[in-house]
Protein chains: 2
Amino acid sequence: MPLSFATERTPVSQSKPDPLVIFTPSGKRGHFPAGTPVLTAARKLGVDLDSVCGGRGKCSKCQVAPSYGEFSKHGVTVAKDALSPFNEVEARYDRIRGLISGRRLGCQATIQTDVVIDVPPESQVHKQVVRKRAEARDITLAPSIRRVLVEVEQPDMHEPTGDFERLQNALAQQWDIKGVTTTLPILSRLQKCLRKGEWSVTCTIHNAGISLPPRLIDIAQGFDETAFYGLAVDLGSTTIAGHLCNLETGEVVASAGLMNPQIRFGEDLMSRVSYGMMNEGGSGEMTAAVREGMAQLCRDVAKDAGIAPERIIDATIVCNPVMHHLFLGIDAYELGQAPFALATSDALNLSAHEVGLPLHENAALYMLPCIAGHVGADAAAVALSEAPEKSDDLVLIVDVGTNAEIILGNKNRVLACSSPTGPAFEGAQISAGQRAAPGAIERVEIDPITKEPRFKIIGSDLWSNEAGFEEAALATGVTGICGSGIIECVAEMRMAGIVDGPGLIGSAEQVGTDRCFADGRTNSYLLYDATHLGGDKITVTNRDIREIQMAKAALYSGARLLMDKFEVDTVDRIVLCGAFGAHISPKHAMILGMIPDCALDKVTSAGNAAGTGARIALLNTDARREIETTVRAIHKIETAIEPRFQEHFVNASNIPNAADSFPHLGAIVTLPNVNHNAGDGSDGGKRRRRRRG
Amino acid sequence: MPLSFATERTPVSQSKPDPLVIFTPSGKRGHFPAGTPVLTAARKLGVDLDSVCGGRGKCSKCQVAPSYGEFSKHGVTVAKDALSPFNEVEARYDRIRGLISGRRLGCQATIQTDVVIDVPPESQVHKQVVRKRAEARDITLAPSIRRVLVEVEQPDMHEPTGDFERLQNALAQQWDIKGVTTTLPILSRLQKCLRKGEWSVTCTIHNAGISLPPRLIDIAQGFDETAFYGLAVDLGSTTIAGHLCNLETGEVVASAGLMNPQIRFGEDLMSRVSYGMMNEGGSGEMTAAVREGMAQLCRDVAKDAGIAPERIIDATIVCNPVMHHLFLGIDAYELGQAPFALATSDALNLSAHEVGLPLHENAALYMLPCIAGHVGADAAAVALSEAPEKSDDLVLIVDVGTNAEIILGNKNRVLACSSPTGPAFEGAQISAGQRAAPGAIERVEIDPITKEPRFKIIGSDLWSNEAGFEEAALATGVTGICGSGIIECVAEMRMAGIVDGPGLIGSAEQVGTDRCFADGRTNSYLLYDATHLGGDKITVTNRDIREIQMAKAALYSGARLLMDKFEVDTVDRIVLCGAFGAHISPKHAMILGMIPDCALDKVTSAGNAAGTGARIALLNTDARREIETTVRAIHKIETAIEPRFQEHFVNASNIPNAADSFPHLGAIVTLPNVNHNAGDGSDGGKRRRRRRG
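Here the residue numbering is sequential within each chain, running from 1 through the sequence in written order. Chain A is the first chain written and ligand 1 is the first ligand written, with later ones labelled in order. Given that the model is predicted, a residue must reach a pLDDT of at least 70 before its local features are reported, and side-chain atom pairs must reach 80 or more before they are shown or counted; all residues, however, enter totals for whole chains, interfaces and linings. Neither water nor hydrogens contribute to the side-chain values; these are computed over all heavy atoms in the structure.

## Digging into the relation of the copies chain A and chain B
For the pair of chain copies, the relating transformation is a rotation about an axis with a translation along it. Formally: Fitting of the copies onto one another was done by least squares over C-alpha atoms, counting residues only where both copies have pLDDT of at least 70. Only heavy atoms matter for contacts: two residues are in contact if any of them lie within 4.5 Å across the pair.
Mapping chain A onto chain B calls for a screw motion: a turn of 180° about the axis and a shift of 0.1 Å along it, with 0.2 Å RMSD after fitting. Overall, the copies show the geometry of a two-fold rotation axis. The rotation axis passes nearest to the C-alpha of Leu-212 of chain A in chain A, at a distance of 3.4 Å. Comparing contact sets, 100% of the residues at the interface of chain A also lie at the interface in chain B, consistent with an isologous, same-surface contact.

## Side note on the pattern of salt bridges
All names here are of chain B. What counts, and what does not: Salt-bridge detection follows one rule: a side-chain nitrogen of Lys or Arg within 4 Å of a carboxyl oxygen of Asp or Glu. Comment: elements are numbered from the N terminus, with helices defined as DSSP H or I runs of at least four residues and strands as E runs of at least two. The buried label goes to any residue with under 20% of its type's maximum accessible area, the exposed label to any with over 50%, and the partly exposed label to all in between, with areas taken from a 1.4 Å probe on protein chains only.
Following the criterion strictly, the structure yields 56 salt bridges over all chains and no others. The salt bridge partner of Glu-225 is Arg-97, with a shortest N-O separation of 2.8 Å. A residue pair is termed long-range when its members are at least 10 positions apart, and Glu-225 in the loop between β12 (215-221) and β13 (229-235) and Arg-97 in the loop between α2 (88-96) and β6 (104-105) qualify at 128 residues. The shortest N-O distance in the salt bridge between Arg-560 and Asp-569 comes to 3.2 Å. The class for Arg-560 is buried, based on a relative accessible area of 13%.

## So, the packing of helix α3 (residues 163-175) of chain A against helix α4 (residues 184-196) of chain A
All names here are of chain A. Selection criterion: Only the contacting stretch of a helix is used when fitting its axis, a line to C-alpha atoms as for every element, and angles between N-to-C directions run 0 to 180 degrees. Comment on the angle field: the value is read as roughly parallel under 35 degrees, roughly antiparallel over 145, roughly perpendicular from 65 to 115, and oblique elsewhere. Amino acids outside the nonpolar list (Ala, Val, Leu, Ile, Met, Phe, Trp, Tyr, Cys, Pro) and the charged list (Asp, Glu, Lys, Arg) are all regarded as polar, and Gly is one of them.
Across the interface, α3 lies against α4 with an axial gap of 10 Å and an inter-helix angle of 70°. When the axis of α3 is compared with that of α4, the two are roughly perpendicular. Residue-level inspection shows Asp-163, Phe-164 and Leu-167 of α3 in contact with α4, the latter providing Leu-187, Leu-190, Gln-191, Leu-194 and Arg-195. The class makeup of the residues in the contact of α3 with α4 is 5 nonpolar, 1 polar and 2 charged.

## Here's the deal with the interface of chain A and chain B
Just so we agree on the cut-off: For any pair of parts, buried area is found by adding up, for both, the accessible area (1.4 Å probe) each one loses once the two are put together. Between N or O atoms, a polar contact is any pair within 3.5 Å; within protein, one atom must be a potential hydrogen donor and the other a potential acceptor, and residues adjacent in sequence are included only when both atoms are from side chains.
Listed as interface residues are 45 residues of chain A and, on the opposing side, 45 residues of chain B. When chain A packs against chain B, the two sides together hide about 3,500 Å² of surface, and 63% of this comes from carbon and sulfur. Among the residues of chain A in contact with chain B, Met-157, Leu-184 and Gln-191 of chain A are the three that bury the most area, contributing 21% of the side total. Here chain A and chain B share 2 salt bridges between them. Across the chain A-chain B interface, the total number found is 20 residue pairs in polar contact (both at pLDDT 80 or more).

## Focus: a nonpolar patch on the surface
How we decide: To count toward a patch, a residue needs a relative accessible area above 30% and no salt bridge. Like charges then connect within 9 Å, nonpolar side chains (Val, Leu, Ile, Met, Phe, Trp, Tyr) within 5 Å. The Shrake-Rupley method, run with a 1.4 Å probe sphere, supplies the accessible areas, and residue values consider only the shown protein chains as cover.
On the surface, Met-277, Met-278 and Tyr-333 of chain A cluster together into a nonpolar patch covering about 340 Å² of accessible area. If you trace the backbone, Met-278 of chain A turns up in helix α5 (residues 269-278).

## Concerning the packing of helix α8 (residues 377-386) of chain B against helix α16 (residues 621-633) of chain B
Residues and elements named next belong to chain B. To be explicit about the condition: Put simply, a crossing is left-handed when the front helix is turned counterclockwise from the back one by less than a right angle, and right-handed when it is turned clockwise.
Following both chains from N to C, one finds α8 and α16 inclined at 115°, their axes separated by 10 Å at the closest point. The pairing of α8 with α16 is recorded here as roughly perpendicular in orientation. The interaxial crossing formed by α8 with α16 has right-handed handedness. Where α8 abuts α16, its residues Ala-380, Ala-383 and Leu-384 lie against Ala-623, Glu-626, Ile-627 and Val-631. Among the residues making up the contact of α8 with α16, the classes are represented as 6 nonpolar, no polar and 1 charged.

## As for the sheet that holds strand β12 (residues 215-221) of chain A
All names here are of chain A. Which entries qualify depends on this criterion: A strand pair is defined by DSSP finding two or more bridges across the two strands.
Strand order in the open sheet formed by 3 strands is β10-β11-β12, and the pairing between neighbours is antiparallel. In the strand order of this sheet, the two ends are held by β10 (145-151) and β12, each with one partner. The sheet shows a mean angle of 25° between the axes of neighbouring strands, direction not considered. As defined by bridge partners, strand β11 (residues 200-206) adjoins β12 across 6 bridges and the pair is classed as antiparallel. When the sheet's bridge partners are listed, Thr-202 is paired in β12 with Ala-220.

## With respect to the packing of aromatic side chains
Stated precisely, the cut-off is as follows: Here the aromatic set is Phe, Tyr and Trp, taking the six-membered ring for Trp, and pairing holds for ring centres within 6.5 Å; pairs whose planes are under 30 degrees apart are stacked, those over 60 apart are edge-to-face, and all others are tilted. To sit over a ring, a charge needs its Lys NZ or Arg CZ within 6 Å of the ring centre and within 35 degrees of the ring normal.
Applying the stated rule across the entire model yields 8 aromatic pairs over all chains. Ring plane angle 75° and centroid distance 5.0 Å describe the contact between Phe-455 of chain B and Tyr-528 of chain B, whose orientation is recorded as edge-to-face. Of this pair, Phe-455 of chain B sits in strand β23 (residues 453-457) while Tyr-528 of chain B is found in strand β26 (residues 522-529), placing the two residues 73 residues apart along the sequence. Each member of the pair, Phe-455 of chain B together with Tyr-528 of chain B, is buried. Connected via pairs of aromatic rings, a cluster forms that spans Phe-455, Phe-469 and Tyr-528 of chain A. Across from the ring centre of Trp-463 of chain A, 4.2 Å away, lies the NZ or CZ of Arg-454 of chain A, which sits over that ring.

## Looking at the environment of Ala-109 of chain A
All names here are of chain A. Tracing the backbone shows Ala-109 in the loop between β6 (104-105) and β7 (115-118). Residue classification places Ala-109 among the buried residues on the basis of a relative accessible area of 0%. Spatially, the C-alpha atom of Ala-109 lies 49 Å from that of Thr-604, the residues being 495 residues apart in sequence. Once you skip the residues sitting within four places of it in the chain, Ala-109 turns out to touch Thr-36, Pro-37, Val-38, Leu-83, Ser-84, Glu-90 and Arg-104.

If you want it as structure tokens, here you go:
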């Protein structure tokens, strides 16, 4: 039975006006003839009131809360019988599923006299998804799929049309969804579904965007409200992380992560590009590896949520350009050399099955656009999450990974670049370095007088000098230093005078502690001797310091380059992104000179902003259009061809004297004025070109 | 380098007008500044002049033939130097490939003074494809794919965009092809292609229709004119036949056919529907079988043409509704019972790989629309080929196969139905019946006085009573009677008085020949004793007569039903289609009462009209839109629910007295007034309901 909308307003010749209906929170209002269903009035006024069953009393999505009494603000008094009495459909729903007291079904309750009706958040289609972080932008739910119940005309031998064509008509007439296309799997299931559902089917429609027609991607017999899910993936060079979201509530129901199996072809991206160049079929092997990793993630996250992977019907992926190409089956060769040409930069609407994801047979896949050959869809996702183009103040956004993506901008202009920091910030290429895992040193403090360190490991809340630490550490051992640990350690070593400005570790005599010891032509610092725990001696070598210096210089230089282009010397605030950004200590990062000077309380962590961007794109199709527009407007800076980048890099490799370059920092810490250069054994004057990766 | 079009016409203030250019055969004319290339002038005037390379002197598609002298009709005199002299590009082309004398390359020759230029047929994009049959409609070449050469901008680090996005721009700017989408296989080949082709690539664009954007489905480096092919398939219940066409010339380069492997699940369609109902997974088995048959056809036809199957980039398929569904992987269950609901009736744009066809990786597939649950895409293809909706006179079109599709109409109205003739017309269910193959009797004459037959077999031009027949027949034997043979035989038996009006074979005494003999409760007629050739006795039994009566009654009743609906008693002409229709003798068909009365010279054979329709749809996309519109306008009659059909069927089972029902026939033959009903042994009064199939 198609929807019957209320008739047009009765003529003015009538003595009494039609009842006034006011919806809150929208404030939309109008007069409707007595007997008009609340849902009908809401639709006519464009009020955001959900309905899947189209007013057939089945889905309960259109629940509303009428208010009674006097509303002087609106100039109406609502009588107790302003709506029709609770009817049999509502009573049945209440008996079986339970209806919150005071709630009515909008398709059943009809308007009798003037009334004020509240639409609770859960009855809104475009509800807000709650985000934990206060400063984060809200996500308005507007997923690419929509579910509707339709009643389809039965076949008629005198007017033979296909079942699908009659379904198309029903969607156009009952829901104004026109020109729907579909897929062979749906066509092969359609006839049974229609007949078992007695000509009533729940249709799931995917709307990819403006130039493509809506697509019927799932059908279920009768009224079906089994949840559909979407998967937002941050496909990193090292790790793949996914959030599974309920597409009707926006809620994250499960998260999972795994190592990118591609890592066996090379730790950093450039090694993988090389692998593809040096090995016949290497690119294909890497594609197969990352697709298998993605497939595993799909299975894992579905298992965590206790659902079948086939209930996942939409997915978004953000990643850097090399992962983007390799995942799609495109050789990344061109990304390894100037001019770093992408095969394709625009957003892509694909089918999940094209790339081997074991999801719903018609699951859609949206790949966010890439900004440039070195600034990928992950940076686009960060921009979507942090919205620099909407910021009044000038914000520097740094996504720290194997490559750092750096965005600088405000509502006038947004610049972006990528800087080849290398994997030192992730604990790689550090002698005692390791990934962030239980047993890894993640916090370090060094007493500036005694030069004695204390630290915390992942998996324990105790400082290493607190009672019970060693007992607690037995479970994991003290296995190495992770990325945030090495940054804190080097910064603390600088503050304690163990390391000087150019980056040299002093000798035992110079520093005044036996923890410093000669180690080849330079000195090392013993952080912890874990041999009694079955581990190794954990030392920081001068080479480790050098690695960190190079990485931080690359990061700082990228930021400075963007500031030059923006013609500013300071930024208003800094946002650190990435799993690593979430654990980094802003103070230590600034002491090291990783980031430009800024008031410390203006340095915040956005967590996995790329992953958040993927989730926003998953839950809101308008956001997809938005980031596509933003990406086109972002001005891309290619560090490789900017002479100023090299200049900044050379200048930034020292660990700064805070008072000089970091006025905000100078108020907090004082860096000792030491110089460990004994005129030999130092490589302080040598510059190494870093590989991209 | 993008095309540079000639500048706008110079101002009127100039003393001498620009040269006049007249194109033939179109007659389009216009003034262009001296120096304008002929191709540019043609494009500005909308003259149909081909070009793949876009005026770069590479493709030679734009060849034109200038005419010289006085053209009083046009009022111009063309000077010898009306076009620029033969240039280096033309000379080079002539040296290497040869240019017909008098021809010029339209992109190289520029207009100097008034000129008349002929565009020869092979230089027209929308050239006519020559068809053998005089009355057949012409096919204008307008395939769904188009090939163009583009020059793509090289990547620029300062303006990073993807290679594909720059290719999109090039297509829009150089060819006005906007919003092109593509596929992952193309993206993965794109970068190498562009670089090896030095930023020049030949693009093949597929345009499915109005609601879908154009799609880049092939790229080749540089200028590439390797031919692409299209495959038009008539997917029958019994045989699958395909024509391979060159998509640039429209020429059929190979044809192939094979038995539908699905036949092992049942000879007729209804047995296959039953197989699907009775066997778990049966529908899937049949889908796999027909897809494998189709795949084999693709390989066979490509092999015949000496090309790789990957050069086949477009395909069209026509078939009956059951084959349509089973090929697409849709259970045909609903087509086996009222109301015979199709899962989908509209035309479908698919990818060939979705249904397992081993063609080009991005090959497109167009399935013609179905008219109704019993009137399939094969009937739609017949309508496309024979165009009843454009006919001034009333035409009856009969496609004889296991089911007969019957169309009746003229430019005012078109009706269609399907009639369950069963497989008797194909030689099945006939005691000595067989398929049309060497050794099968295909022509029969019976002497009305002696009752002695003579016949021809497939594979020999001799009548059986001619000298040398038996020697010739040794090669094949005389193995049985094929469809056209049994029709002629029964009609001749009727004319010779061996069979009477109700369909009984007389006894030896009644007929006066020993060839008639008692065979159970009825009589049979010995057509030929092939035992001395190692074969069997070939007889026609009374049961065979009955089978033919049932089949012809079904066919005739369907035609009569449509005539009733049209409110006519006669038709102006009759077109017999199908491989069988091509071999049938109109006179014998009319004697049998298969078709309504009509002047014999107005009964023609259209050959495989369904296959022709598939070929038209392959070569002309406008024809696809046309048949989609026509199918919607065709009024479908469902014989199963028309009481008049049963009535006609009962009345039509006799073999008529020509003088009564067939005035046109009565002028040619006289049917003897015999009655062999001895009061026993006849089943003349019994009616059997025929299964559909």
